[in-house]
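Listed below, chain by chain, are the residues.
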Amino acid sequence: QKEVEQDPGPLSVPEGAIVSLNCTYSNSAFQYFMWYRQYSRKGPELLMYTYSSGNKEDGRFTAQVDKSSKYISLFIRDSQPSDSATYLCAMSGQAGTALIFGKGTTLSVSS
Amino acid sequence: GAVVSQHPSRVICKSGTSVKIECRSLDFQATTMFWYRQFPKQSLMLMATSNEGSKATYEQGVEKDKFLINHASLTLSTLTVTSAHPEDSSFYICSANDGRRSEETQYFGPGTRLLVL
């Protein structure tokens, strides 16, 4: 079993839809959780950061962490064509250490 | 957010040559930087952890003599791919922690696309 599992998609939705992206993990020591957005041939861009369990909202984006289920989610409201990208979940157990990434989910939002 | 740059953004070289990639933190100091590699349609895989003033820590399966890492200052880490071969063709990305921030986040460079002919 991989440490971080993420459905690679692709996921196609119409503009304005609510998008739900998810990752599961096996290492209970993970406590730092991040979502990155990566456009083709570019470096990942940090979208959301969450420490331990809970929810965090930033504009159209909401990140949720459920440590008891080892499950994290990213919700995108009112999706836009510009949201079309690959979304990577990432996590770590200790401050200052490298991140463990999911495989990434490719999202396509059509206008 | 914090800014990390990489140079070059793209390089094409002949098999057997060496290629140096630079990673710079532009507005913060980074005692630790990370080097990742990403193959097409794959996720980022950690290659090594670069520590300022000390030897890098390599992940299992990554040849330290082939991928030379130097972290000579708090804002610069370099990755040199020695005697590159076509199988080394990949997208190389560095990241760094901004220690000024209370959040434990890493900022990534724009990546370097290496093509070995």
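What you see is a predicted model; the values in this text were computed from it and never measured.

Participant: Before we go on, may I ask you to explain unusual backbone geometry in this structure?
Facilitator: Most peptide bonds take the trans configuration, and most residues that are not glycine carry a negative phi. All names here are of chain A. Here Gly9 and Pro10 are connected by a cis peptide whose omega angle stands at 10 degrees. With respect to the helices and strands, Pro10 occurs in the loop between β1 (4-5) and β2 (11-14). For Ser52, which is not a glycine, the phi torsion comes out positive at approximately 60 degrees. Structurally, Ser52 can be placed in the loop between β5 (45-51) and β6 (54-58). Take Ser52: its relative accessible area is 24%, and that puts it in the partly exposed class. Here Asp78, not a glycine, exhibits a phi torsion of approximately 50 degrees, which is positive. Considering the arrangement of structural elements, one finds Asp78 in the loop between β8 (71-76) and β9 (85-92).

Participant: Just checking my understanding: could you explain the environment of B:Phe39 for this structure?
Facilitator: Residue position: B:Phe39 is located in the loop between β4 (32-38) and β5 (45-51). When near neighbours in sequence (up to four residues on either side) are disregarded, B:Phe39 contacts B:Glu87, B:Ser89 and B:Ser90.

Participant: What's the story with the packing of aromatic side chains in this structure? I'm lost.
Facilitator: For any pair of aromatic rings, the description consists of the separation of the ring centres together with the inter-plane angle of the planes. Evaluated as defined, the whole model comprises nine aromatic pairs over all chains. With a centroid separation of 5.8 Å and an interplanar angle of 55 degrees, the aromatic rings of A:Tyr25 and A:Phe30 are classed as tilted. We note that A:Tyr25, like A:Phe30, is buried. Considering the side-chain rings of A:Tyr36 and B:Phe108, the 5.1 Å spacing of their centres and the 85 degrees angle between planes classify their relative orientation as edge-to-face. Residue A:Tyr36 is located in strand β4 (residues 32-38), and its partner B:Phe108 is located in strand β10 (residues 106-108); the two belong to separate chains. Here A:Tyr36 matches B:Phe108 in class, with each residue buried. Above the ring of B:Phe67, the side-chain terminus of B:Lys66 is found at 6.0 Å from the ring centroid.

Basis of the calculations
Residues numbered from 1 in each chain as written. Chains lettered and ligands numbered in written order. Predicted model: local features only at pLDDT ≥ 70, side-chain atom pairs only at ≥ 80, totals over all residues. Heavy atoms only, no water. Helix = DSSP H or I, 4+ residues; strand = E, 2+ residues; numbered from the N terminus. Buried < 20%, exposed > 50% of the residue type's maximum accessible area, 1.4 Å probe, protein only. Contact = heavy atoms within 4.5 Å. Phe/Tyr/Trp six-rings, centres within 6.5 Å; stacked < 30°, edge-to-face > 60°. Lys NZ or Arg CZ within 6 Å of the ring centre and 35° of its normal.

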